[in-house]
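# Topology and contacts: notes
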Amino acid sequence: MRSLREGLKFQAHVIKSGFLPPIVTTNQLINLCSKHGLLEEAHKLFDEMPERNVFSWNTIINAYVKARNFSKAKCIFDSCPFKDSVSYNSMISGYARSDGYASEAIELFIQMQFDKDTARIDEFTLTTMLNLVANLRLLHYGKQLHSFMVKSGSDLSVFALSSLIDMYSKSGSFWDACRVVNRRVCEGLVDTVVNNALLAACCREGKIEIAREIFLSNSELIDDVSWNTMISGCAQNGYEEEAVELFKHMAEEGFRWNEHTFGSVLAACSALKCLKLGKEVHAWVLKDGMWSNPFISSGIVDIYSKCGNLRYAESVYNSVGRSNVYAVTSMIVGYSAKGDLFRARRLFDSVAQKNFVMWTSIISGYVKLQKCEEAFVLFREYAVKETTAPDAVILVSLLTACAIRASVDFGKQIHAYMLRIGITLDEKAVSALMDMYSKCGFILYAQRLFQRVSIRDTIMYSVMIAGCAHHGHEHEAIRLFEEMMKRGFSPDAVTFIALLSACRHCGLIEAGEKYFLSMGKDHGIPHEMDHYACMVDLYGRSNQLEKAAAFMEKMPVEPDSIILSSFLNVCRANKNLELARMAEKRLLDIEGNNGSRYFQLASVYASGGEWDEMGRMMRTMRGKDVKKIAGCSWVRVGNGVHIFKSGDRSHLEADAIYCILGCLIDELYDKANIVEICPTLWV
């Protein structure tokens, strides 16, 4: 500001002395005014100039471009009597660096080609346009620019080469980027800048092996940027441990860490969820004085949150303060992942400007705890308050909530919304839709989605196998599994749970035993409790209780409450009280405080006519002061959800509901009596 003040004083002194200030001086003053945001003063100086040169016009054009006043800049540009390369480049670069002005930049570039007498397309023009088409992913425009550069000999500089590499890689043509470099290697044009551009392209494409080879084979071209690019690339492509090792070697090789280095290694540590490593990086950050950087401090909060150490995360967060929105986001994500929705929601509600990650994590947190109604309410709030359309991540979470609640109407609305706004239905989204329709009872819709998908994966097959098994299409489930194996997909533990469920529903003992054994023998998948439970249930449903009991005895782990409960259900169906007594002690040792287990045992004894044993169970239950949790059902009517518990009369319309229920029961008894009197009517 001091130089501006002195310049204006000098100009006033010159004018008072009866002289006209030189054009160069006025141009410099215009430039100084624009740098300090004094556009009106700059324009006034420009208007008062009795004589202007091309630098005067370029200075005022550039002033308005930097102020993002493109309409005024274009107006002055059009009235400029002599335009040169700087005039065009100022306008094109301004358009290219601002969102929503891509077409204006392209039009001006075309106009520049016809004005070649006064304005020559130079390297700056071409690299600016290459960066623009790279961001727009317009490969055909990029190839035209490359052709122009070759014809004009403008592709020989390192900056042109690096811009071409960037354009091709961002436009989805990675191998063209490699060919650009290969043609110039023998000419000695590949320096550190070009080498780093190629490294970045490899990492962006996920070609870490190629990036590693380039990095190790050109040690003379390696600098800080090269190391940071490799560390970032490894962290973003699933090579987190290698990223950490590179971080250590970087210091050993004499290169200094900076904020980019720490940002990448913190992301790697978060993915690894290694608390010890996170603490070490935290110490390095403090030692190198990077603590004040908001990205780095929030990254440390994120590490502790992801590792489940919320006490450390809170300590760092409190020292950073709520002004760091990234740290606030990390804390909300951490609380949600831990299931502490009370603290997550309290912090979420305290934030005035919420970002997308906050909304996604809090909604996903509610869904994980099966608090689906809260998730739906929060999503409606998001739709009202936010202008940005939700992406597939948040919608997939809501589809999971629909599957839990069997809310097919809301699920259909989400499906329609995804189609309407053009969200790409990737494998995860399609799997969520199939799961939602299947669990809501619309297996046909799930099958149609499955049939229309050209690229399938293990999750899709697992969802369809489970859906078919639960809807009584057991043989179709087995057929899908065989098709999955023929196509080379590797099943996982969830796939076998679905497959064994299909076998137990239709009593396919031999098939169930074959698939159970093949898990470890052919696929190396360890058996889990759910797999053992399926086998016990399979034997029980086939009236092979002794085999089920023998299977439980041979299990390498103690059966849990789910397996024992399943076994008791089979004992009840077969009225086998001897085996039920064997399971009683083991079950109560595990869940002696669960009233539902006493109630289940009592019903088993009652089914076999052992009323004394039933009474013993009920007395034991009362003596231990444990209660059975009442059964709960819900029904959605309009936009509201009505919840009912066993014997509940708290609903506002309870009298009318029980009246209708009584009518339905009477009608059922009437039909039952008709069947007894004349059974042939119902054959």
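Predicted, not measured: the structure shown is a model, and the values here were computed from it.

## Considerations on the side chain of Glu474
As for its placement among the helices and strands, Glu474 is situated in helix α29 (residues 474-486). Among residues more than four places away in sequence, those in contact with Glu474 are Cys468, Ala469, Ala502, His505 and Cys506.

## Re the packing of helix α32 (residues 529-541) against helix α33 (residues 545-554)
Between α32 and α33, the shortest axis-to-axis distance is 7 Å and the interhelical angle comes to 160°. Taken as axis vectors, α32 and α33 run roughly antiparallel relative to one another. The way α32 lies across α33 gives a crossing that is right-handed. Across from Tyr532, Met535, Val536, Tyr539 and Gly540 in α32, the residues of α33 making contact are Leu545, Lys547, Ala548, Phe551 and Met552.

## Structural notes on a nonpolar patch on the surface
Together, Phe295, Val325 and Tyr326 give the surface a local cluster of nonpolar side chains, amounting to about 290 Å² of exposed area. The topology assignment puts Tyr326 in helix α20 (residues 325-338).

## Focus on helix α3 (residues 39-47)
Taken residue by residue, α3 has Leu39, Ala42, His43, Leu45 and Phe46 as its buried positions. Viewed along the axis of α3, the buried residues span an arc of 155°, placing them on a single side of the element. Away from its buried face, by an angle of more than 90 degrees, α3 presents the exposed residues Glu40 and Lys44.

## Side note on the layout of surface pockets
Reported here for the largest pocket is a volume of approximately 440 Å³. Lining the largest pocket are 17 residues; nearest its centre among them are Val396, Ser397, Thr400, Lys428 and Ala432. Secondary-structure elements contributing two or more residues to the lining of the largest pocket are α22 (356-368), α24 (392-405), α26 (427-439) and α28 (458-470). Sorting elements by how many residues they give to the lining of the largest pocket places α24 first, with seven residues.

## Some thoughts on the nonpolar core
By size, the foremost hydrophobic cluster in this structure holds 199 residues, and its most contacted members are Phe262, Met434 and Phe567. Ranked by residue count, the leading element in this core is α24, at nine residues. Apart from residues no more than four positions distant in its own chain, Met434 is found in contact with Ala446, Leu449, Phe450, Met460, Val463 and Met464.

## What about the packing of aromatic side chains?
All chains considered together, the criterion is met by 29 aromatic pairs. Note on Phe247 and Trp257: the rings are 4.2 Å apart at their centroids and 10° apart in plane angle, and the pair reads as stacked. Taken together, the residues span a long stretch of sequence, with Phe247 in helix α15 (residues 240-252) and Trp257 in the loop between α15 and α16 (259-272) at a distance of 10 residues. Trp257 shares its class with Phe247; the two are buried. Each ring, one from Trp359 and one from Tyr382, has its centre 5.2 Å from the other, and the planes form 75°; the classification is edge-to-face. Of this pair, Trp359 sits in helix α22 while Tyr382 sits in helix α23 (residues 372-385), placing them 23 residues apart in sequence. Residue Trp359 is classed as buried on the basis of its relative accessible area of 1%. By the ring-pair criterion, three or more aromatic residues cluster together here, those being Phe348, Phe356, Trp359, Phe379 and Tyr382. A cation over an aromatic ring shows up here: Lys354 above the ring of Phe348, its NZ or CZ 5.0 Å from the ring centre.

## A word on unusual backbone geometry
A positive phi angle, close to 60°, is found at Arg68, a residue other than glycine. With respect to the helices and strands, the residue Arg68 is situated in the loop between α4 (54-66) and α5 (70-79). Look at Gln370: it is not a glycine, yet its phi comes out positive at around 60°. Within the element layout of this structure, Gln370 appears in the loop between α22 and α23. Note on Gln370: relative accessible area 54%, which makes it exposed.

## Quick word on the side chain of Ser163
Looking at the element boundaries, Ser163 is found in helix α10 (residues 158-170). On the accessibility criterion, Ser163 (9% relative accessible area) is buried. A distance of 3.0 Å separates a polar atom in the side chain of Ser163 from the backbone oxygen of Phe159.

## Quick notes on the pattern of salt bridges
Applying the stated criterion to the full structure yields 27 salt bridges. Between Arg179 and Asp176 there is a salt bridge; the shortest N-O distance is 2.6 Å. Of this pair, Arg179 and Asp176 both sit in helix α11 (residues 174-185), three residues apart, which is roughly one turn of that helix. Judged by its relative accessible area of 18%, Asp176 is buried. What emerges from the salt-bridge pattern is a single network uniting Arg456, Glu476, Arg479, Glu483 and Arg487.

About the criteria used
Residues numbered from 1 in each chain as written. Predicted model: local features only at pLDDT ≥ 70, side-chain atom pairs only at ≥ 80, totals over all residues. Heavy atoms only, no water. Helix = DSSP H or I, 4+ residues; strand = E, 2+ residues; numbered from the N terminus. Contact = heavy atoms within 4.5 Å. Axes fitted to C-alpha atoms, helices over the stretch in contact; angles between N-to-C directions. Parallel < 35°, antiparallel > 145°, perpendicular 65-115°, else oblique. Left-handed = near helix turned anticlockwise from the far one by under 90°. Patch = residues over 30% accessible without salt bridge, like charges linked within 9 Å, V, L, I, M, F, W, Y side chains within 5 Å. Areas by Shrake-Rupley, 256 points an atom, 1.4 Å probe, with all protein chains shown as cover. Salt bridge = Lys/Arg side-chain N within 4 Å of Asp/Glu carboxyl O. Buried < 20%, exposed > 50% of the residue type's maximum accessible area, 1.4 Å probe, protein only. Arc of directions from axis to C-beta. 1 Å grid on protein atoms, 1.4 Å probe; cavity = no way out; pocket = protein on both sides within 12 Å on 5 of 7 lines; lining within 4 Å. Points joined across faces, edges and corners; volume = space filled by probe spheres on them. Core = buried A, V, L, I, M, F, W, Y, C linked by side-chain atoms within 4.5 Å. Phe/Tyr/Trp six-rings, centres within 6.5 Å; stacked < 30°, edge-to-face > 60°. Lys NZ or Arg CZ within 6 Å of the ring centre and 35° of its normal. Polar contact = N/O pair within 3.5 Å; in protein donor to acceptor, adjacent residues only side chain to side chain.

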